[in-house]
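Listed here are the chains, written in short residue letters.
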Amino acid sequence: VIIGIAMAAISLSAAPDPAEPLRLDARELAVRLATAQHEVHMDGRVIAWEARGDGYQFVRGTWASAPGSVVPGVTTGGELDRFVRDDALRPRRWRAGIVEVSPAAPLLLTSEWIGTPWSLELRSGRYRVAIVRDATGGFRVQ
């Protein structure tokens, strides 16, 4: 009986956590957002992060407000850089499958050193994870 209980406890603790792919996506995205923010501070050009159902991408350009642009609410004066050759910022697919992001609008990373805090919520099925940016540009996963 004791061996049976021990085996059951071991098998339950060894079962994979179904929310782990979403948490891994959130941790990796937080690192990539921090990398993009650093790139903006070095380069001065705004980088937009936009989510799709199956993944996400970073794009860079010279941004100005305008309706009917490639990224809703902003436009660029030239070709967009989609970072296809940049390993840190290239387009990615979610490990968790289809992920809903709230807010759904593209996120603009600017060269301001102090900014308004914000958060992104990632949802996959019944699982939720938040990425929070503080006013000084620090990112954490909750």
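Structural notes, computed from the coordinates. Everything numeric in this text was worked out from a predicted model, so none of it was measured. Residue positions are given per chain, counted from 1 along the sequence in the order it is written. At least 70 in pLDDT is required for a residue's local features to be given in this predicted model, at least 80 for side-chain atom pairs to be given and counted, and no such filter applies to totals for whole chains, interfaces and linings, which use all residues. To obtain the side-chain values, all non-hydrogen atoms of the structure were used and water was disregarded.

1. A word on the sheet that holds strand β8 (residues 118-124)
Strands qualify as paired when DSSP identifies two bridges or more between them. Secondary structure counts use DSSP, requiring at least four H or I residues in a row for a helix and at least two E residues in a row for a strand, with both numbered from the N terminus. Taken in spatial order, the four strands of this open sheet run β6-β8-β9-β10, and their pairing is antiparallel. Strand pairing shows two members of the sheet lacking a second neighbour, β6 (100-102) and β10 (139-141), which therefore form its edges. Adjacent strand axes in the sheet meet at a mean angle of 20°, parallel and antiparallel pairs treated alike. By the bridge criterion, three bridges tie β6 to β8 in an arrangement that is antiparallel. Axis geometry follows a simple rule: fit a line to the C-alpha atoms, using only the stretch in contact for helices, then measure angles between N-to-C directions, giving values from 0 to 180 degrees.

2. Looking at the packing of aromatic side chains
Within 6.5 Å between ring centres, the rings of Phe, Tyr and Trp (the latter by its six-membered ring) count as paired, and their orientation is classed by plane angle as stacked under 30 degrees, edge-to-face over 60, tilted in between. In this structure the tally under the stated criterion is four aromatic pairs. With a centroid separation of 4.8 Å and 50° between ring planes, the pair formed by Y56 and W94 is classed as tilted. With a gap of 38 residues between them, Y56 in strand β2 (residues 55-60) and W94 in the loop between β5 (92-93) and β6 connect regions that are remote in the sequence. With respect to class, Y56 is no different from W94; both count as buried. Partly exposed describes any residue whose relative accessible area lies between the buried limit of under 20% and the exposed limit of over 50%, with all areas from a 1.4 Å probe on protein chains only and scaled to the type maximum.

3. Remarks on the pairing of strand β9 (residues 127-133)
A large share of β9 lies buried, amounting to five of its seven residues. Of the strand pairs in this sheet, β8 and β9 are connected by seven bridges, and their pairing is antiparallel. Bridged to W118 within β9 is R133. Counting the residues in the hairpin turn of β8 and β9 gives two residues, including G125, whose phi is positive at 65°. Across three bridges, β9 lies against β10 in antiparallel orientation. Across the sheet, residue V132 finds its bridge partner in β10, namely R140.

4. Observations concerning the nonpolar core
Joining through side-chain atoms within 4.5 Å is the link that ties buried Ala, Val, Leu, Ile, Met, Phe, Trp, Tyr and Cys residues into a set, and such a set is a nonpolar core. Membership of the largest hydrophobic core comes to 24 residues, with the highest contact counts inside it found for L29, L33, W49, F58 and L122. Elements with a minimum of two residues in this core: α2 (20-43), β1 (47-52), β2, β7 (107-109), β8 and β9. The element contributing the most residues to this core is α2, with seven residues. Contacts are assigned to residue pairs that have any heavy atoms within 4.5 Å of one another. Those residues in contact with L29 that lie beyond four places of it in its chain are W49, Y56, F58, W94, L120, L122 and I131.

5. Points about the sheet that holds β5
Spatially, the four strands line up as an open sheet ordered β5-β2-β1-β7, and their pairing is antiparallel. The open sheet has two free edges, formed respectively by β5 and β7, since each of these has just one partner strand. Its contacts with the sheet place α2 against β1, β2, β5 and β7, and it is angled at close to 5° to β2.

6. Details of the side chain of Q57
Residue position: Q57 is located in strand β2. A distance of 2.5 Å separates polar atoms of two side chains, one belonging to Q57 and the other to E50. By the criterion applied in these results, polar contacts are pairs of N or O atoms within 3.5 Å in which, for protein atoms, one can donate a hydrogen and the other can accept it, and in which residues neighboring in sequence qualify only through two side-chain atoms.

7. Some thoughts on the side chain of E50
Position of E50 relative to the elements: it lies in strand β1. Charged residues are defined here as Lys and Arg on the positive side and Asp and Glu on the negative side; His and the ends of the chain fall outside this count. Only one rule defines a salt bridge in this text: a Lys or Arg side-chain nitrogen within 4 Å of an Asp or Glu carboxyl oxygen. Salt bridges are absent for the buried E50, whose nearest opposite-charge side chain, R82, sits at 4.1 Å.

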